[in-house]
Amino acid sequence: MNVIHTIDALRRIIFENKQKGKRIGLVPTMGFLHEGHLTLATQARAENDVVIMSIFVNPTQFGPNEDFESYPRNLERDTMLAASVGVDFIFAPTVEEMYPHDGGIFIRAGHQATLLCGASRPGHFDGVLQVVAKLFNLIQPNYAYFGQKDAQQVAIIQTMVRDYNIPVELRIVPVVRENDGLAKSSRNVYLTATERSQAPAIQQALQLAKREFIESGNVDKSIQLAVKIIEANMDGSIDYLTILSYPDLTEVTSETEQVLLAVAVYIGKTRLIDNLIFSLKGEPAHV
Ligand code: AMP
C-alpha cells in the first residue's frame, strides 16, 4: 500500500487507473481509524478495483473553538490498519497542499445544514462540502463511502451530488457500534472512564424513543422519553434530540418514508452524536 501526500502524485495514479478502466472507490476520513472506518474500507474493497482512503483533518469544517488542533492523529497506525483491510492508497495531504489559496470559491449548504449539528456548528457543513467536492474532483471515484453515523452529512452530500450533477454514487454504511451500543468514533478517546461508562445511555435512549414513536407516532412524547433517559444516566447536556423526516430534514408527516431520530450530547469535553433511521412502521433504513 502507498501513502501519497501530493495532488500531483494522486493525479498520476488516478490517470493511470482510469485509463485502464478501473473502478475506483473513495473512503474519505479524518483518520485515527477505528472499526467504523474499516467497515467502509472493507465494503469499498469488495466493490472496486482500486480503493483510495483519504486521511485529512480538514480545518475548514472546524469552528474556532472546536478541536482541530487536538483532534487525534496517528498516520503510522492508520497506515497499518488501512493496509490490513486492503486499501491500495492513502491520500494524506497537508493543509497547504489542499488549500494553497485564500479567499476563493466556497460552497454553501442549504436548509439541511441549518438544524441538528449545523445549528451548533455554523459553517461546519460548508467546510465538509468544500473538502468532499475537492476529493470528488481529484479522485473521480465511481463509488464514495460514507457512514450513516453522520446521517446529516450524508443527506447534505447527497444534495450536493444531485444539485451539482457530480458523477459519483454514494454508498452508505450502517453505524458500527461498541458491544454496549456506543457508536464508534475517533472522539471516544476523549472520554474519561466514567463518561465512557455513561455513554451507552445515548443508544438506549434512542432505541426506547424509536419504539415509543412507532407505537404512538407522538414526536414530543418520544423525545421527552429519550431526554429523560439521557438526563438520568449521564452527566452531560443535550445539544439536540430531534425527530425529522430523512433525508430532507423537514417535519415528519404521514407522507414521510424514513424517519431520522438524531441526538448530540456534550459530555465532559466531548460531543457525541448518534442516530437511528427507520420507516414509520419501524423497518430498517434504506439510505
Ligand atoms: P471521520 O473520520 O469521523 O470523518 O469519519 C469518516 C467516515 O467514517 C464518515 O463517513 C463517517 O460517517 C464514517 N464513520 C465514522 N464512524 C463510524 C461508525 N461508527 N460507523 C460507521 N461509519 C462511521
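Everything here concerns the structure above.
Residues numbered from 1 in each chain as written. Predicted model: local features only at pLDDT ≥ 70, side-chain atom pairs only at ≥ 80, totals over all residues. Heavy atoms only, no water.

## Remarks on the side chain of His37
- The residue His37 is located in helix H2 (residues 35-47) in this model.
- Judged by relative accessible area, His37 falls into the buried class, the value being 13%.
- At 3.0 Å, the side chain of His37 forms a polar contact with the backbone nitrogen of His34.
- When near neighbours in sequence (up to four residues on either side) are disregarded, His37 contacts Val27, Thr29, Gly31, Phe32, Met53 and Ser186. (Helix = DSSP H or I, 4+ residues; strand = E, 2+ residues; numbered from the N terminus. Buried < 20%, exposed > 50% of the residue type's maximum accessible area, 1.4 Å probe, protein only. Polar contact = N/O pair within 3.5 Å; in protein donor to acceptor, adjacent residues only side chain to side chain. Contact = heavy atoms within 4.5 Å.)

## Observations concerning the site of the ligand
- Met30, His37, Asp150, Val176 and Lys184 are the nearest of the 17 residues found near the ligand.
- Within the contact set of the ligand, an oxygen atom lies 2.8 Å away from a side-chain nitrogen or oxygen of His37.
- In the complex, 92% of the free accessible area of the ligand, which totals 480 Å², lies under the protein chains.
- Secondary-structure elements contributing two or more residues to the shell around the ligand are strand S2 (24-29), H2 and strand S5 (143-147).
- Ranked by residues supplied to the shell around the ligand, first place goes to H2 with 3 residues. (Near = heavy atom within 4 Å. Areas by Shrake-Rupley, 256 points an atom, 1.4 Å probe, with all protein chains shown as cover.)

## A word on helix H9 (residues 201-216)
- Over its 16 residues, H9 runs 22 Å from end to end, which matches the ideal 22 Å to within 8%, given 1.5 Å per residue.
- Among the residues of H9, those classed as buried are Ala201, Ile202, Gln203, Ala205, Leu206, Ala209, Lys210, Glu212 and Phe213.
- Where H9 is buried, its residues contact helix H8 (193-198), helix H10 (219-233), strand S7 (236-246), strand S8 (258-267) and strand S9 (270-279).
- Among the residues trailing H9, Gly217 stands out with phi positive, at a value near 65°. (Expected span 1.5 Å × (residues − 1).)

## Describing the sheet that holds S8
- One open sheet holds the 3 strands; their spatial order is S7-S8-S9, and the pairing between them is antiparallel. Looking along the sheet, the strands with just one partner apiece sit at the ends: S7 and S9. Each adjacent strand pair in this sheet contributes to an overall mean axis angle of 15°, direction not counted.
- Running over the sheet, helix H7 (residues 151-163) touches S7, S8 and S9 and is turned about 40° from S7.
- Packed on one face of the sheet, H10 meets S7 and S8 and runs near 150° to S7. (Pairing = 2+ DSSP bridges. Axes fitted to C-alpha atoms, helices over the stretch in contact; angles between N-to-C directions.)

## Some remarks on the side chain of Asp78
- Relative to the helices and strands, Asp78 is located in helix H3 (residues 75-84).
- Buried within the structure, Asp78 lacks any salt-bridge partner; Arg77 is the closest side chain of opposite charge, at an N-O distance of 4.0 Å.
- In terms of polar contacts, Asp78 uses its side chain to reach the backbone amide nitrogen of Phe32, at 2.8 Å. (Lys, Arg positive; Asp, Glu negative; His and termini not counted. Salt bridge = Lys/Arg side-chain N within 4 Å of Asp/Glu carboxyl O.)

## Structural notes on the pattern of salt bridges
- Per the stated rule, a full pass over the model turns up 12 salt bridges.
- When the shortest N-O distance is used, the salt bridge between Lys184 and Glu35 registers 3.0 Å. Of this pair, Lys184 sits in the loop between strand S6 (169-173) and H8 while Glu35 is found in helix H2, placing the two residues 149 residues apart along the sequence.
- A relative accessible area of 13% means that Lys184 is categorised as buried.

## Considering the packing of aromatic side chains
- Tallied over the entire structure, the rule returns 6 aromatic pairs.
- Aromatic side chains Phe62 and Tyr71 sit 5.9 Å apart centroid to centroid with 75° between the ring planes, which places their arrangement in the edge-to-face category. Each member of the pair, Phe62 as well as Tyr71, is classed as buried.
- On the basis of an interplanar angle of 85° and a centroid distance of 6.3 Å, the ring pair of Tyr143 and Tyr145 is categorised as edge-to-face.
- On the basis of relative accessible area, Tyr143 is assigned to the buried category, the value being 15%. (Phe/Tyr/Trp six-rings, centres within 6.5 Å; stacked < 30°, edge-to-face > 60°.)

## Concerning a nonpolar patch on the surface
- A cluster of nonpolar residues, Met1, Val3 and Leu75, forms a patch on the protein surface that exposes about 200 Å² of accessible area.
- Following the sequence through the fold, Met1 ends up in the segment before strand S1 (2-4). (Patch = residues over 30% accessible without salt bridge, like charges linked within 9 Å, V, L, I, M, F, W, Y side chains within 5 Å.)

## Topic: the packing of helix H1 (residues 7-19) against helix H6 (residues 124-139)
- One can describe the packing of H1 onto H6 by two numbers: an axis separation of 9 Å at closest approach and a directional angle of 50°. Relative to H6, the element H1 is oriented oblique. Every residue of H6 that contacts H1 at Ile7, Leu10, Arg11, Ile14 and Lys18 is listed here: Asn137, Leu138 and Ile139.
- Among the residues making up the contact of H1 with H6, the classes are represented as 5 nonpolar, 1 polar and 2 charged. (Parallel < 35°, antiparallel > 145°, perpendicular 65-115°, else oblique. Nonpolar A, V, L, I, M, F, W, Y, C, P; charged D, E, K, R; others polar.)

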